[in-house]
Amino acid sequence: MEFTPDTYIRLALGLGLFAFGWTLFRFGLHAAGFILGYVFGTSAYELLVAWLIRLHEMDVIGEKWLEFIPQHPYATFFAGCVFGIVGVLLAKKMYQVMIFLGATAGALFVLYTDENQKALLDRLLDWLGVLVPLNNTLGQAWPAVLALLIGLLFLLFQKKLIILLTACMGAYILSDAIQIPILFLPLCFIGFLLQTVKRPKQKKEAEE
C-alpha cells in the first residue's frame, strides 16, 4: 500500500478513536457544552446591557441601575465563561437524558409499530414462559414497561457502549487504511479492552 497524507490522517484518527475514544468523546461533549454556554452567556449579557441602556435613555430607570451591570469590555467575556462552565456541568446530564429518551422512544417504536419484531419477541417470551404472566399482569402495557427498562439499561451501560462504538469505528478506519479488513474484529476487541482496562490502573495510581 502507498502511504499518502490522507492515509496518515486516517491512521491518526483511527488510532485516536481506537485507543482514546471515550476520552475524546467526553472532551467533545464538554467542549460543546462550554461553547454553547459561552455563546448564550455573552449574547444574554450583551442583550441585558443594551436593554438597560435603552430603558435608561427612555427615562424608565435611573442611572443607578446601570451601576449593577459592569460595562467593561471583559465583562461579557467573564459572563460567557461563567455560563460556559454551567454548560459543561449540564452537558453530561443533557446527554444522559437524550440517551434515555432516545433508547426508550426507539424501543417503543419497534415494539408498537413493527409487527415482525413484536411477534418475534412474543415467541421468545412465550418460550421463556413469561408471556402469559406479563399479559395477565400488565396487559398491553408491558411493551412500554420493557421500553423503559431498555432505556435504563442504555443509560446504565452508556459508557461501555460509547467505548465499544468508538473502538469499532477506530478499528474500521485502521483496517481500511492499511487495507487488511480481517483485522477489524480483533482490533475492535483490543480497542475495547484497551479503553476499559487502562482506566482502573490510572485511577489506582492517582489514589496512591
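Rules used in this analysis
- Residues numbered from 1 in each chain as written.
- Predicted model: local features only at pLDDT ≥ 70, side-chain atom pairs only at ≥ 80, totals over all residues.
- Heavy atoms only, no water.
- Salt bridge = Lys/Arg side-chain N within 4 Å of Asp/Glu carboxyl O.
- Helix = DSSP H or I, 4+ residues; strand = E, 2+ residues; numbered from the N terminus.
- Buried < 20%, exposed > 50% of the residue type's maximum accessible area, 1.4 Å probe, protein only.
- 1 Å grid on protein atoms, 1.4 Å probe; cavity = no way out; pocket = protein on both sides within 12 Å on 5 of 7 lines; lining within 4 Å.
- Points joined across faces, edges and corners; volume = space filled by probe spheres on them.
- Nonpolar A, V, L, I, M, F, W, Y, C, P; charged D, E, K, R; others polar.
- Patch = residues over 30% accessible without salt bridge, like charges linked within 9 Å, V, L, I, M, F, W, Y side chains within 5 Å.
- Areas by Shrake-Rupley, 256 points an atom, 1.4 Å probe, with all protein chains shown as cover.
- Expected span 1.5 Å × (residues − 1).

A. Spatial organisation of the pattern of salt bridges. For the structure shown, the criterion picks out two salt bridges. Across the salt bridge formed by Arg-10 and Asp-6, the nearest N and O atoms sit 3.9 Å from each other. With a gap of four residues between them, Arg-10 and Asp-6 both fall in helix H1 (residues 5–57), about one helical turn apart. Judged by its relative accessible area of 47%, Asp-6 is partly exposed. The closest approach of N and O atoms between Arg-10 and Asp-176, which form a salt bridge, is 2.1 Å.

B. Just the layout of surface pockets, in detail. Counted as a void, the largest pocket has a volume near 170 Å³. If you go around the largest pocket, the residues you meet are Leu-29, Ala-32, Gly-33, Leu-36, Gly-87, Leu-90, Ala-91, Met-94, Tyr-95 and Met-98. Elements represented by at least two residues in the lining of the largest pocket include exactly H1 and helix H2 (73–113). It is H2 that provides the largest number of residues to the lining of the largest pocket, a total of six residues. The residue makeup of the lining of the largest pocket, split by class, is eight nonpolar, two polar and no charged.

C. Quick peek at a nonpolar patch on the surface. On the surface, a cluster of nonpolar side chains totalling about 570 Å² of accessible area is made up of Phe-40, Val-82, Phe-83, Val-86, Leu-90 and Met-94. Counting residues per element, the nonpolar patch draws most heavily on H2, at five residues.

D. Highlighting unusual backbone geometry. Positive phi values are uncommon outside glycine, yet Gln-179 reaches one of about 60 degrees. Along the chain, Gln-179 falls in the loop between helix H6 (158–177) and helix H7 (184–207). The exposure class of Gln-179 is exposed, given its relative accessible area of 59%.

E. Structural detail: H6. Taking 1.5 Å of rise per residue, the 20 residues of H6 would be expected to cover 28 Å, and the 28 Å separating its terminal C-alpha atoms lies within 8% of that figure. Every buried residue belonging to H6 is among Gln-158, Ile-162, Ile-163, Thr-166, Ala-167, Gly-170, Ala-171, Ile-173, Leu-174, Ser-175 and Ala-177, and all of these are buried. Phi for Gln-179, located one or two positions after H6, is positive at around 60 degrees.

F. View of the environment of Leu-11. For Leu-11, the position within the fold is in helix H1. With relative accessibility at 17%, the residue Leu-11 sits in the buried group. Once the C-alpha coordinates of Leu-11 and Gly-170 are considered, the two residues, 159 residues apart in sequence, prove to be 8.7 Å apart.

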